[in-house]
Every structure is written in C-alpha cells, then in structure tokens.
Amino acid sequence: MNSDTRLELDEYLARVRKALADLPADELTELMEDVEPHVTEVFGEDGSPVERLGTPEDYAAELRATGGYPPPPSRTVPVVPRKLAGRFALWALAITTLVALIVGIAGVGERSESPLVAVLLFLPLFAAAAWLIFTGRVRRSDIEELREYRWSVRTGMNLLQPAAVEYLRSLRPAWTVLRFVVLALAFLAVISRAPVFAVAILVAAGVLLWTAGRVKTDRRLLAVTVPGNAFVVGCGIALAVAAASNNGSGGPTYYGGYSGNGLYYNGSPLSNVYAVGADGKAIEEFYLYDEDGRPITVYHPSCGEHTDNRNRFPLPRIVYTNGICDERTGLPFVPLPPSASMIPSTSATVTAPPSTTATSVPPSTGPSTPAKAPVTTPAVPPTG
C-alpha cells in the first residue's frame, strides 16, 4: 500500500469513528478494532473502496444497524466546502482532459499554433484543481464519493466486460512506450510550421516521462497524467487521419521539413523550384509531373491554411518576423538575362553554291570523215 492510499485509509477510518462518536468509548474502541482490518483489506485491493463500502457516514450507519446501536442523536451535517471542492476538482479535470484531447487533434491536424490559445484559457482551471489535490484539500475519497463519479465508473464497467478491463490494464507497459512514439511523430509533423506547438509537445513528453515511474506510488499525479494521455490520444488521432487521407488520395505523406524523394539535384534534395522565361521574367505558376504523368508532390508550407495543390510551384517561402508568420512569393534572387550563346538562332543565312556551269561539245555519234582541203580556183587571165 502506497503512502497516498494509506492517508486515504486513515481519513476514512477517522470519519467512521467521528460518525460513531456518540457510542460509549469502550464499545467504539472494540467496534473499530473489528472494522479496521476489513477496511484495510478493501483499500489494498484494486478498485474504488467507496464503491464497495460506501461513504464513511454510510458505512457507519450500516454498522449501527448491524450491531443494534441506537441512531445518532442528531444528523451529521456534511462538510459542504470539502464536497464542493471535490466536485470542482473533478469537473475541472474532466474539462481539462477534453480540452487536451481537442488541442492534440487540432494542433497536429492543422499544423498550427492557434489551438494553444485554448490551453492558455483553461490553464488557470487546471492549476486550481491541481492545487486542491496536491495540497491535500481534496483527496481521492472526496472525488470517489461524488454521485457523478460513481455513475461514470458504473457506466464504464457496464460497457466493458471484466475481461476487456483486464486486457486494457495489461497494455499499460506498451502504452507507456507508444505514447512517446506518437509524440515524436507529432513533433516531426509540426516542427516547421508550428514551432511553438512543437515545444508544447516536448513539454508534454517531459511531464509524462517524469510521472511515468511515480504515478504508481503517488496517485495524485493522475491529475496530470490523465490530461497528458488525452493529449497524446488527440495527436494520434490527427496522425492517423492524415495518413488515411494521403493514402486515399494516392499520394505519399510528407511531414513538415521534408521534401519529396523526386526533387533532387546532384544528390541534394530541393525544397523549391523556380522557372524563368526567355524574357528573364519569373513564371508565377507551374506544375511538375514525372514521365508517367504523376504529380510530383512536396510539402507545401503555409501560415495555417492547408492546400492540396502540392505540385504547384514555386512554393511560398515562410518567414517569421518577431514570431509572426509571413508567406512571401516571388524570386528570392535576381535571374541573369539569358546569354546570347544560350539562345538558339531563329534565322539561317542561305549561301548559293558556287557555279559549276561549263561549256562542252557533245561528242559526234557518226563516223569520222577527214577534213577536206579548201578548193582553190585558179585565176584565168583576161583575154583580150
């Protein structure tokens, strides 16, 4: 039996003794000696002692009826402030647990820091409940005596079979490890888009790690571990929904800070691609596809808004100025004008080939004849 349970046992027996204080001293001592071993045994078992024994006042009334003792001279007035404090602590922790679940889902699902506003709003409520519990002003028995708590326990036991409850208890060691795996994946998912939320995840992991080995001996730490576990469950739900959504769309899942495997240049991953036209002006919007027509998708950063056009380029550049997220477009550099040697020529000079015209005499196809000598006519002298 741990120290916290021992304190609750002592308080329970003290309240039983107080409810029977009108009995003779020797009879009260004898009765308490008979009752104490049974009550101690019940507190050492699993489950809620109040569920089995009832409140100390109810248990004392049962002892009166069983032993034939007279009723108390006056009705014991319950301590209203302590009961109200227990009810406040119970509902404050219930609301805090629900908020932690929603913050885990919204923060990882949207990869945004805006859900942390809810943490700041409900942090005073959680702090007040934790102060009541850790200072001893509200004990475990004060909460277990409340009707709403007993109703919730009975409802849970009716919904779950005893075998299922035992199986869930056997999973506690695995859950202790699994929740840190979930927080690690959630941290990778939000680190580039929501660094403040990533720090909150690290804080939650540190708190759960610190309480992991102490909650067995100090049950007051349940006020911290229950909301912390709800936050882990919320992160896990968001990661599962994101994975299912990406698998359903046929595209791979890329978390913040990682680019697609298809964008590499000389062995180094590329986080962005820019295109410049022949006139030296940037192409404001274009889309990348591989040789099979599949879009080349990469993580698309933004300041809180989610977009499905992940193969649209160029991607916006995220710049934080004094903690304020700003999306910047345009080229982060001045492109050089295209070189003349890099621009293919669009005109060609046609040069006429040199003249190959020659005068030739076609060869004769007939038999060759010797050239005739010119005929000379002799001159006749004139006659008389």
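Residues numbered from 1 in each chain as written. Predicted model: local features only at pLDDT ≥ 70, side-chain atom pairs only at ≥ 80, totals over all residues. Heavy atoms only, no water.

Observations concerning helix H2 (residues 25-44)
Link 1 in the chain: Compared with the 28 Å implied by 1.5 Å per residue over 20 residues, the 28 Å span of H2 between its first and last C-alpha is a close match.
Link 2 in the chain: At Val35, H2 shows its maximal kink, close to 30°; a proline, Pro37, follows between one and four residues later.
Link 3 in the chain: If you check which residues of H2 are buried, you get Leu28, Leu31, Met32, Val35, Val39, Val42 and Phe43. (Helix = DSSP H or I, 4+ residues; strand = E, 2+ residues; numbered from the N terminus. Expected span 1.5 Å × (residues − 1). Bend = angle between axes of the 7 residues up to and from the residue. Buried < 20%, exposed > 50% of the residue type's maximum accessible area, 1.4 Å probe, protein only.)

Structural notes on the pattern of salt bridges
Link 1 in the chain: Per the counting criterion, the structure on display carries 9 salt bridges.
Link 2 in the chain: The closest approach of N and O atoms between Asp22 and Arg64, which form a salt bridge, is 2.1 Å. Here Arg64 lies in helix H4 (residues 56-67) and Asp22 lies in the loop between helix H1 (3-19) and H2, a separation of 42 residues in the sequence.
Link 3 in the chain: We classify Arg64 as buried; its relative accessible area is 6%.
Link 4 in the chain: When the shortest N-O distance is used, the salt bridge between Arg87 and Glu148 registers 2.7 Å. Taken as a pair, Arg87 in helix H5 (residues 80-110) and Glu148 in helix H8 (residues 147-159) lie far apart in primary sequence, 61 residues in all. (Salt bridge = Lys/Arg side-chain N within 4 Å of Asp/Glu carboxyl O.)

A look at a nonpolar patch on the surface
Link 1 in the chain: On the surface, a nonpolar cluster with roughly 520 Å² of combined accessible area is contributed by Leu159, Leu160, Tyr167, Leu168 and Leu171.
Link 2 in the chain: Look at Leu171 and you get partly exposed, because its relative accessible area is 34%. (Patch = residues over 30% accessible without salt bridge, like charges linked within 9 Å, V, L, I, M, F, W, Y side chains within 5 Å. Areas by Shrake-Rupley, 256 points an atom, 1.4 Å probe, with all protein chains shown as cover.)

Re the UniProt feature "transmembrane region" (unreviewed entry) in the chain
Link 1 in the chain: When the UniProt feature table is mapped onto this chain, "transmembrane region" (unreviewed entry) is found at residues 88-109, 115-134, 174-191, 197-215 and 222-244.
Link 2 in the chain: Summarising residues 88-109: 100% helix, 0% strand, and an end-to-end C-alpha distance of 31 Å.
Link 3 in the chain: Secondary structure over residues 222-244 splits into 100% helix and 0% strand, and the C-alpha atoms at its two ends are 32 Å apart. (UniProt positions renumbered as here; feature names shortened; annotations may be inferred.)

Brief notes about the nonpolar core
Link 1 in the chain: Counting residues in hydrophobic clusters, the biggest one holds 23 residues, and the most contacted among them are Val108, Leu183, Val190, Phe197, Ile201 and Phe231.
Link 2 in the chain: When residues of this core are traced back to their parent elements, those giving at least two are H5, helix H10 (172-190), helix H11 (195-212) and helix H12 (222-248).
Link 3 in the chain: Counting 18 residues, the second-largest nonpolar core is a separate cluster that includes Leu28, Leu31, Met32 and Val35. (Core = buried A, V, L, I, M, F, W, Y, C linked by side-chain atoms within 4.5 Å.)

Regarding the confidence of the model for the chain
Link 1 in the chain: On average, residues of the chain carry a pLDDT of 76, and 76% of them reach 70 or more.
Link 2 in the chain: Mean pLDDT in the chain bottoms out at strand S2 (residues 268-269), which sits at 70, and peaks at H11, which reaches 91.
Link 3 in the chain: Ignoring residues within four places in sequence, the model shows residues 345-353, a span with pLDDT below 50, making 0 contacts including any to other chains. (pLDDT = per-residue confidence, 0-100. Contact = heavy atoms within 4.5 Å.)

Focus: the side chain of Asn272
Link 1 in the chain: Mapped onto the elements, Asn272 comes out in the loop between S2 and strand S3 (286-287).
Link 2 in the chain: For Asn272, a relative accessible area of 16% corresponds to the buried category.
Link 3 in the chain: A polar side-chain atom of Asn272 sits 3.3 Å from a polar atom in the side chain of Tyr274.
Link 4 in the chain: A distance of 2.9 Å separates a polar side-chain atom of Asn272 from the backbone oxygen of Leu315.
Link 5 in the chain: Sequence-distant contacts of Asn272, that is, excluding residues within four places in its chain, are made with Phe313, Pro314 and Leu315. (Polar contact = N/O pair within 3.5 Å; in protein donor to acceptor, adjacent residues only side chain to side chain.)

Here's the deal with the packing of H10 against H11
Link 1 in the chain: It is at 9 Å that the axes of H10 and H11 come closest, and there the two elements cross at 165°. On the basis of the axis angle, H10 is roughly antiparallel to H11. Along this stretch, H10 crosses H11, giving a crossing that reads as left-handed. Contacts from Thr176, Arg179, Phe180, Leu183, Ala186, Phe187 and Val190 of H10 reach H11 at Pro195, Phe197, Ala198, Ile201, Leu202, Ala204, Ala205, Leu208, Leu209 and Ala212. (Axes fitted to C-alpha atoms, helices over the stretch in contact; angles between N-to-C directions. Parallel < 35°, antiparallel > 145°, perpendicular 65-115°, else oblique. Left-handed = near helix turned anticlockwise from the far one by under 90°.)

A few points about the packing of aromatic side chains
Link 1 in the chain: In total, this model carries 4 aromatic pairs according to the counting rule given.
Link 2 in the chain: Centroid distance Tyr12 to Phe43: 5.5 Å. Interplanar angle 65°. Geometry classified as edge-to-face. Taken as a pair, Tyr12 in helix H1 and Phe43 in helix H2 lie far apart in primary sequence, 31 residues in all.
Link 3 in the chain: A centroid spacing of 6.3 Å and a plane angle of 50° characterise the contact between Tyr12 and Tyr59, whose relative ring orientation is tilted. Of the two residues, Tyr12 is situated in helix H1 and Tyr59 in helix H4; the sequence distance between them amounts to 47 residues.
Link 4 in the chain: For Tyr12, a relative accessible area of 2% puts it in the buried group.
Link 5 in the chain: What links up through ring pairs into an aromatic cluster is the set Tyr12, Phe43 and Tyr59. (Phe/Tyr/Trp six-rings, centres within 6.5 Å; stacked < 30°, edge-to-face > 60°.)

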